[in-house]
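Below are the chains, spelled out letter by letter.
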There are 2 protein chains.
Amino acid sequence: MARQMSAKERVADVVEALREEKFNARRIELAEAALATLGELGYARTSLREIAQNSEFTHGVFHYYFADKLDLICCCVRHYKAKCVTRYDEVTATARSREELLEGFANKLAETLRDDASMHRLWYDLRAQALFEDAFRGDVLEIDQSLENMVWRIASRYAELGGRTPAVSSGVLYALFDGLFQRYLLKHLADDPRAIPEMVNEVKRLLPSIC
Amino acid sequence: MARQMSAKERVADVVEALREEKFNARRIELAEAALATLGELGYARTSLREIAQNSEFTHGVFHYYFADKLDLICCCVRHYKAKCVTRYDEVTATARSREELLEGFANKLAETLRDDASMHRLWYDLRAQALFEDAFRGDVLEIDQSLENMVWRIASRYAELGGRTPAVSSGVLYALFDGLFQRYLLKHLADDPRAIPEMVNEVKRLLPSIC
DNA sequence: ACCTAATCTTGACAGTTGTCAAGATAAAGC
DNA sequence: GCTTTATCTTGACAACTGTCAAGATTAGGT
């Protein structure tokens, strides 16, 4: 039977919730600091001490807030997800024509390839780790699904603006864009200046032919 | 001025060539042993001692034949390439009809996803490493190009058998198949039994619509 | 102001890493 | 056979790793 909570109990609950919120906020801060180093060095070369040295924290703090290294990195992955899954939503929502949507999408794509290259390479690195490490698999599959949904929102809206329907399934479409992005990311990181414009051209040619 | 070689010099050259050949053969043996462990553990978790322990060699031998760890792994990558780039060539060469080629291609694809899963995940792992480590980039880009050519040989032959021409560029086609394969590899390694049949279905539906 | 609990720092631990070098063994040349 | 070179083993090295615990510091509640 649920019974009435006393005032004292309610206060305790609120206090507890605040504490947890503060605790989580700190975890995010730490995860964010870890992401910086992970994006620079990659999973294989990143140690907790290296993360700590590149941040304002000492290495002990990370063990106070995370059970172990995997826990920290999983938290990083989840946090990364939240930030990037809505990247194109504004463009999708505001574009009034097919041309405008395509232009906006291609631009954002180019922008993130240029500015967030090290976060993207970290994502591909961690997704590869999920091929070996069970602990990552759940989160990675979930993020992959979110990204697939994101691409699908763009594509189906683009089709809709032309009174059409995408010619391929959501999964195939994501595989295509994911494969392309990975490819141009590598080119870009290999200092090929053609990477970004070529990607933009490819996307502008491809999307109208599919949707 | 090129001058006539003495008999002694020619013998010395042959001896030298044999020595080098033997040396290279040993390197390949070692690389092959290393690939087994790398495919099992992934780049981040694989140490030279671990490689040695899972093989018939002692860890010192690896340093006799390779300058350092990167040198060894680069050799592994190159060797891996040589083995897998011709995987579909027989099917492409012998198939007498579109249906036969498609069937053969899809079967080989399913077979390699099932049997060589750990080599494939290693490839994706190392390609991700190339996003961070310059030393890998050259080899990885070269292998990527070889794989793209391989896919293109299949697709253009498939189109040819129907008197057609592929509807997309070689790069886009490779990105698509690469993205799809990566996706189903992850599903397969996550013990999803639908991974292989779904991939086969997807490919059988996709290829005729493109080529 | 005091006490308790939360937060953080520091240093230590055992194990692992890549690398190297000295010496053992085997092969090859004469 | 002996010598010289190539190949391999073994053990050591310093540096680095994740983890933990004891104690310092801080914040919060009363």
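Keep in mind the model is a prediction, meaning the values are calculated, not measured.

(A) Geometry of the protein's contact with DNA strand D. The local shell around DNA strand D holds 20 residues, among which Ser-47, Leu-48 and Asp-68 of chain A together with Thr-58 and Gly-60 of chain B are the closest. Mapped onto the surface near DNA strand D, the elements with two or more residues apiece are helix H2 (48–53) and helix H3 (59–65) of chain A together with helix H1 (7–41) and helix H3 (59–65) of chain B. Residues belonging to the surface near DNA strand D are distributed by class as follows: 6 nonpolar, 7 polar and 7 charged.

(B) Examining the interface of chain A and chain B more closely. Counting from both sides, the interface comprises 27 residues of chain A and, opposite them, 27 residues of chain B. Elements represented by at least two residues in the side of chain A that touches chain B include exactly helix H7 (117–129), helix H8 (134–161), helix H9 (170–189) and helix H10 (195–210) of chain A. Per element, the largest residue contribution to the side of chain A that touches chain B is 10 residues, and it comes from H9 of chain A.

(C) Representation of the relation of the copies chain A and chain B within the structure. Overlaying chain A on chain B yields an RMSD of 0.0 Å, the required transformation being a rotation through 180 degrees with an accompanying axial translation of 0.0 Å. The transformation relating the two chain copies, once decomposed into turn and shift, fits a two-fold axis. Looking at the interface residues of chain A, 100% of them are also at the interface in chain B, so both copies use one shared face.

(D) Here's a closer look at the environment of Leu-206 of chain A. Residues and elements named next belong to chain A. Relative to the helices and strands, Leu-206 resides in helix H10. Note on Leu-206: 18 C-beta atoms within 10 Å, which makes it partly exposed. Between the C-alpha atom of Leu-206 and that of Phe-177, which follows or precedes it by 29 residues, the distance is 9.9 Å.

(E) Fine view of the protein's contact with DNA strand C. Surrounding DNA strand C, one finds 20 residues, the nearest of these being Thr-58 and Gly-60 of chain A together with Ser-47, Leu-48 and Asp-68 of chain B. Of the residues belonging to the surface near DNA strand C, the class tally is 6 nonpolar, 7 polar and 7 charged.

Cut-offs used in this document
- Residues numbered from 1 in each chain as written.
- Chains lettered and ligands numbered in written order.
- Predicted model: local features only at pLDDT ≥ 70, side-chain atom pairs only at ≥ 80, totals over all residues.
- Near = placed C-beta within 6 Å.
- Helix = DSSP H or I, 4+ residues; strand = E, 2+ residues; numbered from the N terminus.
- Nonpolar A, V, L, I, M, F, W, Y, C, P; charged D, E, K, R; others polar.
- Contact = placed C-beta atoms within 7 Å.
- Least-squares fit on C-alpha atoms with pLDDT ≥ 70 in both.
- Buried ≥ 20, exposed ≤ 12 C-beta atoms within 10 Å, placed from the backbone.

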